[in-house]
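Listed below are the residues making up each chain.
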Amino acid sequence: LPPRRMDSVVQIVEALESTDYGFNGTVPELARALGGCSTPGCRAVLGEPPNVPPAPPTLSHEQWLLFTQLLHHDAAAPERGAVLAPDGSTIALGPLFAGIEVGLKRAAGRPLPTVEPPIDALYAVTITEVLGTSFLLARDGDGNRATLGPSGCWDDVDDPQNYTLLGPPSPIPDAVANGAMDGVLLGARLARAPIPLADLLRGYYRTGNGTEEERPPSSYRRRDFGVLTGPEKLEEEVAAMLRVLQVLPPTRELLEDVGLEELVAIAHQAARDFREVYVECPAIVPRCMWGARPYRGTPKPLTLPLGSVYIHHTSTPSAPCRTFTACARDMRAMQRFHQDTRGWDDIGYSFVVGSDGYLYQGRGWHWVGAHTKGYNSKGYGVGYIGDFSATLPDPDTIALVRDELLPCAVRAGRLHRNYTLRGHRQMGHTDCPGNSLFREIETWHGFK
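Residues numbered from 1 in each chain as written. Predicted model: local features only at pLDDT ≥ 70, side-chain atom pairs only at ≥ 80, totals over all residues. Heavy atoms only, no water.

1. Here we look at the state of the cysteines
Considering all chains together, one arrives at four disulfides under this definition. Each disulfide pairs two cysteine sulfurs, and for C153 the partner residue is C288, the sulfurs being separated by 1.7 Å. Because the sign of the S-S torsion sets the handedness, a value of about 75° for the bond joining C153 and C288 places this disulfide among the right-handed ones. Taken as a pair, C153 in strand β3 (residues 152-154) and C288 in helix α13 (residues 287-290) lie far apart in primary sequence, 135 residues in all. (Disulfide = S-S within 2.5 Å. Helix = DSSP H or I, 4+ residues; strand = E, 2+ residues; numbered from the N terminus.)

This is the structure:
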């Protein structure tokens, strides 16, 4: 089959939009016919799905098979309907196309079925039904049931075919969260000014050529979703969706013993946790996605929470990386240097900061690093890719660590609330992290 990449999806959409293939609806309605939005809440909001048409002559057999597989909803494995985007993130197509369908209907002035209580259809078909259901199912559990995440890894980023989750599955693995946020953002955009869907997707994800130079808009999804969707809005819509599910025959039984007070509490926790994980905390690219070699030997575990953070710049590579492809390449080069030339067990940093909007997992939260000699077991080493002696990282790349990673590490119990932050030069004979970046971190919380 074609690679499970967003490029393949855009090519399919372009072919479908270019000709009349015997289906009266839009591409998102075709996606719904194939099972992309088949849950009770989605059917209540968008109506019953259309009948599946014959295979369109504009698509090859392999393209049609891929599209059919990607839109087949599997409640036990929602991540199977996912593709790899050029920014390195993984997107579930079901919530993406559902949000786009709502946007197109609003732009065309086509009414959506009314439900009681009133709900925002854009959120209902993308995030609030699955989010409310996930936390509803977990409320009586033993605390071990996952409600959000995990991330996952593709077998081959150049020809992705199989996506494997990196932990216990929830109804909202990262791929579904990404697809839902993108569905909200693109649906809202289409409602204002409709454009051909292939053009919309190509511009947002930067498929095709041109992804080597700059960040695609999709890499800003967490920030943009957070701006569009305040905490109160998300909580209100989850609560309203749960009340709708209380009266729908397929889900009525699930909610029959849930009173209004408990329902509101579930919605509050669901909205708070989702925002904390997917809006306020940064996305971290796992080792298997950037092509890490295995750790040599046995990793030494850290004793959490740690009390310190040490800020570095890589110096070499000296240029910031602005795309997933470039940053992953830099990560592999640094790991080779640290293992083969320095003789270390692994890449030294705990985390590495790209200028593509993402953090990259080095040794991560739990393994002792090799970043700040004499202090590796006392703190995390966070390295910015680039030479920041004379220039600064982009403002949002600075904020990725200062405003997102560090507060998230405190909330998760990985870093002491009163942690100390220092530049590498304070701990040894080095200019690292460069004069410009060092002057910047002197203004950060915890600097000593």
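2. What about the UniProt feature "domain: Peptidoglycan recognition protein family" (unreviewed entry) in the protein?
Mapped onto this structure's residue numbering, the UniProt feature "domain: Peptidoglycan recognition protein family" (unreviewed entry) falls at residues 282-428. Along residues 282-428 the backbone is 27% helical and 21% strand, and the end-to-end C-alpha distance reaches 29 Å. (UniProt positions renumbered as here; feature names shortened; annotations may be inferred.)

3. Observations regarding the pattern of salt bridges
The final tally for this structure, using the stated rule, is 28 salt bridges. As a salt-bridge pair, K105 and E101 come within 2.6 Å of each other at their nearest N and O atoms. Residue K105 and its partner E101 are located together in helix α5 (residues 93-107), separated by four residues, close to a single helical turn. A relative accessible area of 7% places K105 in the buried class. (Salt bridge = Lys/Arg side-chain N within 4 Å of Asp/Glu carboxyl O. Buried < 20%, exposed > 50% of the residue type's maximum accessible area, 1.4 Å probe, protein only.)

4. Concerning the environment of G446
Within the secondary structure layout, G446 lies in the segment after α16 (435-441). Separated by 29 residues in the primary sequence, G446 and R417 place their C-alpha atoms 9.4 Å from one another. Ignoring any residue separated from it by four or fewer positions in sequence, one finds G446 in contact with Y419, T420 and L421. (Contact = heavy atoms within 4.5 Å.)

5. So, the layout of surface pockets
Approximately 660 Å³ is the volume attributed to the second largest pocket. Taken together, 36 residues form the lining of the second largest pocket, with T39, H73, P78, V130 and P171 sitting closest to its centre. When contributions to the lining of the second largest pocket are tallied by element, the ones reaching two or more residues are α3 (40-46), α4 (61-71), α5 and α6 (121-138). Tallying contributions element by element places α6 first for the lining of the second largest pocket, with nine residues. The residue makeup of the lining of the second largest pocket, split by class, is 20 nonpolar, 12 polar and four charged. (1 Å grid on protein atoms, 1.4 Å probe; cavity = no way out; pocket = protein on both sides within 12 Å on 5 of 7 lines; lining within 4 Å. Points joined across faces, edges and corners; volume = space filled by probe spheres on them. Nonpolar A, V, L, I, M, F, W, Y, C, P; charged D, E, K, R; others polar.)

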